[in-house]
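What follows is each chain in one-letter form.
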Amino acid sequence: MSAAVSRSGARRDVEFDADGVTLRGWFYPAGDSAPTAVVVMAHGFSLVKEAYLDRYAERLAAAGLAVLVYDHRNFGASEGSPRQEIDPWRQIEDYRHAITYAGTLPEVDPDRIGVWGTSYSGGHAVVVAAGDLRVKAVVSQTPAINGVQTGWRRTPMAQLADLGEQFAAERKTRMQTGEVAMRPVIGSGAQRPVYPAEDAFDFFSTVGRIAPSWRNEVTVRTGEWSRVYNAGHHIDMVSPRPLLMIVADDDTVSGTDLQLTAFNRALEPKSLRIIPGGHFAPYVEQFEVTASAAAEFFATHLRTSGR
């Protein structure tokens, strides 16, 4: 493990081991002389920490919380291969490695750990909190909560057989040659991107300008895994740890209805914040609302150790 002071002041660059893969990110100390609560954060589908997570981390740090932000394996500054491949269960395990690392830092009280996730990692945050008793509070923002249903919605039934053949062909090619097939995150309809909608194109195009390490591609196998990943199955296991879910009222990516259905299955204590806009609204248009809601929630529920 190592750390170096970054040019941004209190924030410092960190790295930690995750089963032989080095994950890299930023640590924001709270500035308190005593060990403080910490929030562990990672980004959503294909995204890297420079895509607005610094803004969220700064807001949480201003509320008296330490923050650990990192890039998922295979993305951004973190190691791992194949590059641009998203295995949701591997990312969930890496959240647990990040929690372990955060708990070793002298600025952190290991009995006051929260997790924050957004979009794909919003689902991860639920799964992590459900199974890891070190987590004392969780914020799940516009979560990808039901990959089974969203997979059905995105792929017309007439195309399912062709999709299955693509997945099978990719696996065969990778086994025989080691070649990894890729798919664009955004693009024209003919390119069959992951996100064909206009709001996704606008959002990721902006990300490409502010986060140079973001790449407009993921592996084909990423899509195969995402179709059977259902984070909502775990939501009732988060209790009695408090849950805040932030939902956009016109989320056509993760499905506003799917998120609200999952929230209704969650047990108390739980809180719901509905914001106007689509799936990508939290990062810019609704940043003040979503960041303030998360900061207030964590400051309240991580104030004591919870022992």
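Note: the structure precedes this text.
We now turn to the structure provided with this report. The written sequence of each chain sets the order in which its residues are numbered from 1. pLDDT decides what is reported in this predicted model: residues at 70 or higher carry local features, side-chain atom pairs at 80 or more are listed and counted, and totals for whole chains, interfaces and linings draw on all residues regardless. Values reported for side chains reflect all heavy atoms of the structure, with hydrogen atoms and water molecules removed beforehand.

**Re the packing of aromatic side chains**
Next up, step 1: To pair, rings of Phe, Tyr and Trp, with the six-membered ring standing in for Trp, must have centres within 6.5 Å; the planes then decide the type, stacked if under 30 degrees apart, edge-to-face if over 60, and tilted in the middle. Scanning all chains against the criterion turns up 20 aromatic pairs.
Next up, step 2: Here the aromatic rings of Phe16 and Tyr101 are separated by 5.0 Å at their centres, their planes lie at 15°, and the arrangement is stacked. Of the two residues, Phe16 is situated in strand S2 (residues 12-18) and Tyr101 in helix H2 (residues 88-104); the sequence distance between them amounts to 85 residues.
Next up, step 3: Each residue is assigned to one of three classes by its accessible area relative to the maximum for its type, calculated with a 1.4 Å probe on protein chains only: buried under 20%, partly exposed between the two thresholds, exposed over 50%. With a relative accessible area of 4%, Tyr101 lands in the buried category.
Next up, step 4: These aromatic residues form a ring-pair network of at least three members: Phe45, Tyr52, Trp89, Tyr120, Tyr195, Phe203, Phe204, Trp214, Tyr229, Phe280 and Tyr283.
Next up, step 5: A ring is considered to have a charge above it if a Lys NZ or an Arg CZ atom is located within 6 Å of its centre and within 35 degrees of its normal. Note that Arg11 overlies the ring of Trp26, its terminal NZ or CZ placed 3.7 Å from the centroid.
Next up, step 6: Lying across the ring of Phe287, Arg55 places its NZ or CZ 3.8 Å from the centre. Helical segments are the DSSP runs of H or I of at least four residues, strand segments are the runs of E of at least two, and each set is numbered from the N terminus.

**With respect to the packing of H2 against helix H3 (residues 120-131)**
Next up, step 1: Contact geometry of H2 with H3 gives a least axis separation of 9 Å together with a crossing angle of 60°. The angle between H2 and H3 falls in the class oblique. The crossing of H2 and H3 is right-handed. Taking contact as the criterion, the partners of Pro88, Trp89, Gln91, Ile92, Tyr95, Arg96 and Ile99 in H2 are, on H3, Tyr120, Ser121, His124, Val127, Val128 and Gly131. Fitting a line to C-alpha atoms yields each axis, with helices limited to the stretch in contact; the angle taken between N-to-C directions then spans 0 to 180 degrees. For classification purposes, angles smaller than 35 degrees are called roughly parallel, those larger than 145 roughly antiparallel, those between 65 and 115 roughly perpendicular, and all remaining angles oblique. Crossing chirality is assigned from the near helix's rotation relative to the far helix, an anticlockwise turn below a right angle marking it left-handed and a clockwise turn marking it right-handed. What makes two residues a contact is simply this: any of their non-hydrogen atoms within 4.5 Å.

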